[in-house]
Amino acid sequence: MKLLLEINESFRIAISAIWANKARGALTTLGIIIGIVAVITTMTAFNGMQNAFRQGFSSVGSDVIYVSRMPWIIMNDFFLYRNRPSLELAEARQLERNLEGKAIVNPSMDTRRDIKFRASIIEGVRIVGTTEKQAVMGSAVPEVGRFMMAYDISYKKNVAVIGQDVKDALFENVNPLNKEIKIGRTSFRVIGVMEKQGGSTFGGPNFDRQIYVPISTYVKAFGGRRGTDVDIAIKAPSQEAMADLEFEVIGEMRKVRKLKPSQIDNFSINKLDTLMGGFNSVMGVVLGLGLLVTSIALFVGGIGVMNIMFVSVTERTREIGIRKAIGAKRHSILLQFLFESAVICLIGGIVGIILATGLTAVINATVMPASISAPILVIAIVISVVVGLVAGFVPAYKGARLDPIEALRYE
């Protein structure tokens, strides 16, 4: 109870001292405000980039394994991969037979072509030749119309499912369903429009600026055996089965490609985890550098608080002497100045949070998805208080150790 009374008294004295020197306190908090704004903005920007990355690649599917000629992320020598043979459609069909009943296998090919509808033209749109199984590989579904069916692939139908950006650029206010578009030199009938999936993120594909066509029609129209590799997507029956399925896919692909035990794989296994791992590695470094810079701002702010607290202790030397003369203990004086320093930094932290909230709203509206979460707020408050306690400890300790007689003589 006595300790609580001392804490309450120290807190009231600290608040009174801050209120008596409002202008000085406001200037003192400026460094803390800048530091807290920098910390919160750095962390919300990091979270925003993670959210944008996940949103941009949501169509990849977290339970899908991709077999490709090249790895998605090349960390070392590109020349180790450039001479690999392309994956062929026949190999995808063979893998599908080998994995029948265990997983869904979907081959795809892609190229870029100019798209035309009446007088409107879009250049360099990504054309994806695939099958009806593409619909189960990711989370995206047609917003209007339908996706391709097995019938379209078997009979090499000239049908297309377009992305939102293609629809907006070509059709504007015209209903695109059943309209004829030209992809290169070939006419296709639009049978569906995919829902909005988000723009290109960190160099990834823009899923809204692409068109799906039957892979059989793709080979007929664009000469699929030349130029573009086949990519094979294998959907696992569950997330838990991913690890076992990956080993099985590697074994079956080695059989399909007739590789000897002594030969290394001449294909790559890619997953969403591969992208997330590479992204997190890079962003971890970026976050570390960002926090290092913000910690410098907080350090400078803390030095400012320490200097002001030294001034405050010096100005109130006689007050300290009087308090000690009437029985105040060292820890009471220590607590008084620690509270004062902590409250100054806490006020700076709260103002910083308010400013960072507004800045985050601007980032969310103009740059990328970003929001301040409860853990970030807690971290900001804790950092503010800790900086205040650390910065105020030496001045508070100096004040606590003053000799009462010498303090009373101070002019």
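Below: a short report on this structure.

How each quantity is defined
Each chain carries its own residue numbering, running from 1 in the direction its sequence is written. Thresholds applied to this predicted model are a pLDDT of at least 70 for local features of residues and 80 or more for the giving and counting of side-chain atom pairs; totals over whole chains, interfaces and linings are not thresholded and use all residues. With hydrogens and water set aside, each side-chain value is computed from the structure's full complement of heavy atoms. Here the nonpolar core consists of buried residues drawn from Ala, Val, Leu, Ile, Met, Phe, Trp, Tyr and Cys, with membership extended through side-chain atoms lying within 4.5 Å. Per-residue accessibility, obtained with a 1.4 Å probe over protein chains only, is compared with the maximum for each type, and a residue is labelled buried under 20%, exposed over 50%, and partly exposed between these values. Numbering goes from the N terminus for both helices and strands, where a helix is a DSSP run of H or I of at least four residues and a strand is a run of E of at least two. Contacts were defined at the residue level, with two residues in contact if any of their heavy atoms lie within 4.5 Å. Following DSSP output, two strands are said to pair if at least two bridges run between them. Here the aromatic set is Phe, Tyr and Trp, taking the six-membered ring for Trp, and pairing holds for ring centres within 6.5 Å; pairs whose planes are under 30 degrees apart are stacked, those over 60 apart are edge-to-face, and all others are tilted.

This part is about the nonpolar core. Within soluble globular proteins, side chains that are nonpolar tend to cluster in buried spots. One finds V67, I127, I181, I183, I211, I232 and I234 to be the most contacted residues of the largest nonpolar core, which totals 50 residues. Counting residues per element, this core draws most heavily on strand 7 (residues 186-194), at five residues. Setting aside chain neighbours within four positions, we find I181 in contact with I115, K116, F117, I162, L170, F171, T186, S187, F188, V190 and I211. Core analysis: the next-biggest nonpolar cluster, separate from the first, contains 22 residues, L298, F337, A380 and V387 among them.

Let us look at the pairing of strand 3 (residues 120-130). Alignment of strand 2 (residues 104-117) against strand 3, held across eight bridges, turns out to be antiparallel. Within the sheet, the bridge partner assigned to I115 lies in strand 3 and is I122. Hairpin connection, strand 2 to strand 3: the antiparallel pair is bridged by two residues, and R118 has positive phi, about 55 degrees. Note that strand 3 and strand 8 (residues 210-214) share five bridges and pair parallel. When the bridges of strand 8 are listed, R126 appears paired with Q210.

Turning next to the packing of aromatic side chains. Considering all chains together, one arrives at five aromatic pairs under this definition. Seen from their ring centres, F117 and F171 are 4.4 Å apart, and the 40 degrees between their planes marks the pair as tilted. On the criterion of sequence distance, the pair formed by F117 in strand 2 and F171 in the loop between helix 6 (164-170) and strand 6 (180-183) is long-range, its members being 54 residues apart. Here F117 and F171 have matching classes, each one buried. With a centroid separation of 5.2 Å and an interplanar angle of 70 degrees, the aromatic rings of Y218 and F222 are classed as edge-to-face. Of this pair, Y218 and F222 are both found in helix 7 (residues 215-222), four residues apart, which corresponds to roughly one turn of the helix. Judged by relative accessible area, which is 1%, Y218 ranks as buried. By relative accessible area, F222 is classed as buried at 10%.

The next subject is the pairing of strand 5 (residues 159-162). Consecutive side chains along a regular strand alternate between the two faces of the sheet. A two-sided burial pattern is seen for strand 5, the buried positions comprising V159 and V161 on one face and A160 and I162 on the other. Strand direction decides the pairing type here: strand 5 and strand 8, joined by two bridges, are antiparallel. Looking across to strand 8, one finds that V161 is bridged to Y212.

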